[in-house]
Protein chains: 2
Amino acid sequence: MQTALATAGLVPVFATALPNRAVAQAAIPRAEARGEVRRTYVADAEIFAEGDRATTFYKVVSGVVRTYKLLSDGRRQIDAFHLPGDIFGVEAGEEHRFNAEAVTATRLAVHRREPRALAGDDGLLARDVVAAMMRSLERAQDHMLLLGRKSAKERIASFLLGLSQRMACRGTAMELPMSRTDIADHLGLTVESVSRAVTQLERDGLIELPPNRRAVILRDVAALDDLAE
Amino acid sequence: MQTALATAGLVPVFATALPNRAVAQAAIPRAEARGEVRRTYVADAEIFAEGDRATTFYKVVSGVVRTYKLLSDGRRQIDAFHLPGDIFGVEAGEEHRFNAEAVTATRLAVHRREPRALAGDDGLLARDVVAAMMRSLERAQDHMLLLGRKSAKERIASFLLGLSQRMACRGTAMELPMSRTDIADHLGLTVESVSRAVTQLERDGLIELPPNRRAVILRDVAALDDLAE
DNA sequence: CGTTCTATTGAAGAGTATCAAGCCAAGTGG
DNA sequence: CCACTTGGCTTGATACTCTTCAATAGAACG
């Protein structure tokens, strides 16, 4: 159901085709010169699916992307959310090993996968890709510690802290781009457990949420750090 | 306590210093020519610790290595076991981000970290390192699915299947190099839960264990695959 | 202003953790 | 060669965290 909806929502568009996007248009010549193409996706649009041929990889220009794996009975694990600047979809083999969808309206830079690009004869981009992989690996390792050994409250604290650092929202409210379901599937919990842990952190005064609950202010970063360990 | 013991057990030795090791000795000239050094570790010896300067990385020659992270209260997450041929200890930054210890008596090839080795101007080794990182990342992603979404029984099934593939023990009994505690800390469970799940798989006829319980025969791979999904 | 979607809250239940013995194999010293 | 010890594995009883199922509340949208 989710996949069907996502597939239906797939709207890949070249930025040049969009009229009201002066900044993007200005950027096109340079981008195209680098052999780079831009695509736009609406929220929940599929970017690629497990098993798809991995002829390209992606860099987030704006918006947020989730990558995830599914078990046959539908259990989902979101391995990462990708924010602007992040590279994702790089594969060692021929096929994509997980699914990728836009969380919000998203613009991506699409890079054709050159055999030499990965090995690294080719300067800047290859270096970026390797660095991005290292960062992915580091995040995955931290996330395994979270999934294997942290309580629900600790998971939420870690998640909010990590997100706030990556989203660069100094002191002010941080918008949560993803739903509670997405957070749950990222943290190895249920929606209800996420909701309860968030509420409890709020009651304890560590965080504060607006009425619509889709943003967070970190009130006591020290205490959150302590929880996240 | 564990760390103290491990540190005490640290026995780095150059292979040339060992008399009864004809094969290793024969290999030395080639290895040394590649700027490579070999070291031997006893079981539970520390290889490096979180925060150590990451001037070298390692390739397992024989034996098994565990890499892990700790929370301040001692909870441990083993992110991976490294078998012969595996590369570990590669870092993006200056410091090691986790701990590494020998699980069994282990021989390692130690590589000095060259700035260019990671970037990839330098052919074979760099390519190996990048490939090793990709494999680490893929395993980490699979492991996040396990930790986030699988039951105890499913985790054990996945673990045993993965290990049997990597250890290449066609049909016969597979020795388990690591303790139940190590398995538990890898799978995000307790020792008791590991023991119970193993016993249950045995009762169900999917696996078979000798009296000392440190080896496994996979009796019904199809059923195990089904569980692992 | 109702409809819909998401988030929250409540009650009950499942699965795993915790605490505590007990068991078994391997090693030790008499 | 055999008690004795030791360390790892298993088993049992109980507790607890998180899940599941169900209902309510609240915001967004037409």
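Above this text is the structure in question.
Residues numbered from 1 in each chain as written. Chains lettered and ligands numbered in written order. Predicted model: local features only at pLDDT ≥ 70, side-chain atom pairs only at ≥ 80, totals over all residues. Heavy atoms only, no water.

A. Focus on helix α7 (residues 191-203) of chain B. Residue and element names in this part refer to chain B. Between the first and last C-alpha of α7 there are 18 Å, a value that for 13 residues agrees with the 18 Å anticipated at 1.5 Å per step. Turning to α7, its buried residues number three or more, namely Val194, Ala197, Val198 and Leu201. Along α7, the residues classed as buried sweep out an arc of 100 degrees about the axis, all on the same side. Projecting away from the buried face of α7 at angles above 90 degrees are the exposed residues Arg196 and Arg203. As for α7, its buried residues are in contact with α5 (152-167), α6 (180-187), β10 (207-208) and α8 (221-228). Gly205 occupies a position one or two residues after α7 and carries a positive phi of about 85 degrees. (Helix = DSSP H or I, 4+ residues; strand = E, 2+ residues; numbered from the N terminus. Expected span 1.5 Å × (residues − 1). Buried < 20%, exposed > 50% of the residue type's maximum accessible area, 1.4 Å probe, protein only. Arc of directions from axis to C-beta. Contact = heavy atoms within 4.5 Å.)

B. Representation of the interface of chain B and chain A within the structure. Taken together, the contact pairs 42 residues of chain B with 42 residues of chain A. Contact between chain B and chain A buries roughly 3,800 Å² in total, counting both sides, with carbon and sulfur atoms accounting for 60%. Broken down residue by residue, the surface that chain B buries against chain A is led by Met134, Met144 and Arg149 of chain B, which jointly contribute 20%. Applying the counting criterion to the chain B and chain A interface returns twelve salt bridges. Residues Glu138 of chain A and Arg97 of chain B are paired through a salt bridge, measuring 3.8 Å at the closest nitrogen-oxygen approach. Summed over the shared surface of chain B and chain A, the result is 24 residue pairs in polar contact (both at pLDDT 80 or more). Breaking the side of chain B that touches chain A down by element, the ones donating at least two residues are β5 (76-82), α3 (115-119), α4 (123-149) and α6 of chain B. (Buried area = accessible area lost by both parts, 1.4 Å probe. Salt bridge = Lys/Arg side-chain N within 4 Å of Asp/Glu carboxyl O. Polar contact = N/O pair within 3.5 Å; in protein donor to acceptor, adjacent residues only side chain to side chain.)

C. Main features of the environment of Ser195 of chain A. Residue and element names in this part refer to chain A. Structurally, Ser195 is set in helix α7 (residues 191-203). By relative accessible area, which is 35% here, Ser195 ends up partly exposed. Linking Ser195 and Arg180, residues 15 residues apart in sequence, is a C-alpha distance of 7.3 Å.

D. Here's a closer look at the relation of the copies chain B and chain A. Placing chain B over chain A gives an RMSD of 0.0 Å and needs a rotation angle of 180 degrees, together with 0.0 Å of translation along the axis. Both copies are brought into coincidence by an operation consistent with a two-fold rotation axis. In this assembly, 100% of the residues forming the interface of chain B have copies in chain A that are likewise at the interface, indicating an isologous arrangement. (Least-squares fit on C-alpha atoms with pLDDT ≥ 70 in both.)

E. Representation of the nonpolar core in the model. Core analysis: the largest hydrophobic core is formed by 72 residues, its most contacted members being Ile156, Leu160 and Ile207 of chain A together with Ile156, Leu160 and Ile207 of chain B. Formed by 16 residues, the second largest nonpolar core is a distinct cluster that contains Phe57 and Val130 of chain A together with Ile87 and Ala132 of chain B. (Core = buried A, V, L, I, M, F, W, Y, C linked by side-chain atoms within 4.5 Å.)

F. Quick peek at the sheet that holds strand β4 (residues 65-70) of chain A. Residues and elements named next belong to chain A. Taken in spatial order, the four strands of this open sheet run β2-β7-β4-β5, and their pairing is antiparallel. Whereas interior strands pair on both sides, the edge strands pair on one side only; in this sheet they are β2 (46-48) and β5 (76-82). The mean inter-strand angle of the sheet, taken between neighbouring strand axes irrespective of direction, is 30 degrees. By the bridge criterion, four bridges tie β4 to strand β7 (residues 99-102) in an arrangement that is antiparallel. Directly across from Val65, in β7, lies its bridge partner Ala102. (Pairing = 2+ DSSP bridges. Axes fitted to C-alpha atoms, helices over the stretch in contact; angles between N-to-C directions.)

G. Looking closely at the pattern of salt bridges. Per the stated rule, a full pass over the model turns up 34 salt bridges over all chains. The salt bridge involving Arg219 of chain A is made with Glu208 of chain A; its shortest N-O contact spans 2.5 Å. With Arg219 of chain A in the loop between β11 (215-218) and α8 (221-228) and Glu208 of chain A in strand β10 (residues 207-208), this pair connects stretches of sequence that are eleven residues apart. When its relative accessible area of 35% is taken as the criterion, Glu208 of chain A is described as partly exposed. Here the residues in one salt-bridge network are Asp44, Arg66, Arg76, Glu101, Asp182 and Asp185 of chain A together with Arg149 of chain B, joined through shared partners.

H. Representation of the protein's contact with DNA strand D. Around DNA strand D, a shell composed of 18 residues is seen, among which Ala152 and Ser193 of chain A together with Ser195, Thr199 and Arg214 of chain B lie nearest. Counted by atom, the contact set of DNA strand D within 4 Å of the protein is 65% sugar and phosphate. Between a phosphate oxygen of DNA strand D and a side-chain N or O atom of Ser195 of chain B, the distance comes to 2.8 Å. The separation between a base nitrogen of DNA strand D and a polar side-chain atom of Arg196 of chain B is 2.9 Å. Of all elements in the fold, only α7 of chain A together with α7 of chain B reach the threshold of two or more residues within the surface near DNA strand D. Counting residues per element, the surface near DNA strand D draws most heavily on α7 of chain B, at four residues. (Near = heavy atom within 4 Å.)

I. Seen up close, the sheet that holds strand β9 (residues 174-175) of chain B. All names here are of chain B. Spatial ordering of the open sheet is given by β9-β11-β10, a layout of three strands whose pairing is antiparallel. Edge strands, defined here as strands with exactly one partner in the open sheet, are β9 and β10. In this sheet, strand β11 (residues 215-218) lies alongside β9 in antiparallel orientation, the contact comprising two bridges. Across the sheet, Met174 pairs through a bridge with Val216, a residue of β11.

J. Up close: the protein's contact with DNA strand C. Around DNA strand C sit 17 residues in total, of which Ser195 and Arg214 of chain A together with Ala152, Ser193 and Arg196 of chain B are the nearest. When the atoms of DNA strand C within 4 Å of the protein are sorted by group, sugar and phosphate make up 61%. Within the side chain of Thr199 of chain A, one N or O atom sits 2.9 Å away from a phosphate oxygen of DNA strand C. Between DNA strand C and Arg196 of chain B, the relevant distance is 2.8 Å, taken from a base oxygen to a side-chain nitrogen or oxygen of the residue. Those elements giving two or more residues to the surface near DNA strand C turn out to be α7 of chain A together with α7 of chain B. Sort the elements by how many residues they give to the surface near DNA strand C and α7 of chain A lands first, with four residues. Residue classes in the surface near DNA strand C are distributed as three nonpolar, seven polar and seven charged. (Nonpolar A, V, L, I, M, F, W, Y, C, P; charged D, E, K, R; others polar.)

K. Up close: the side chain of His111 of chain B. Residue and element names in this part refer to chain B. Take His111: it is sitting in strand β8 (residues 106-112). Owing to a relative accessible area of 7%, His111 belongs among the buried residues under this scheme. Apart from residues lying up to four places away in sequence, His111 is in contact with Glu36, Thr55, Thr56, Phe57, Lys59 and Leu125.

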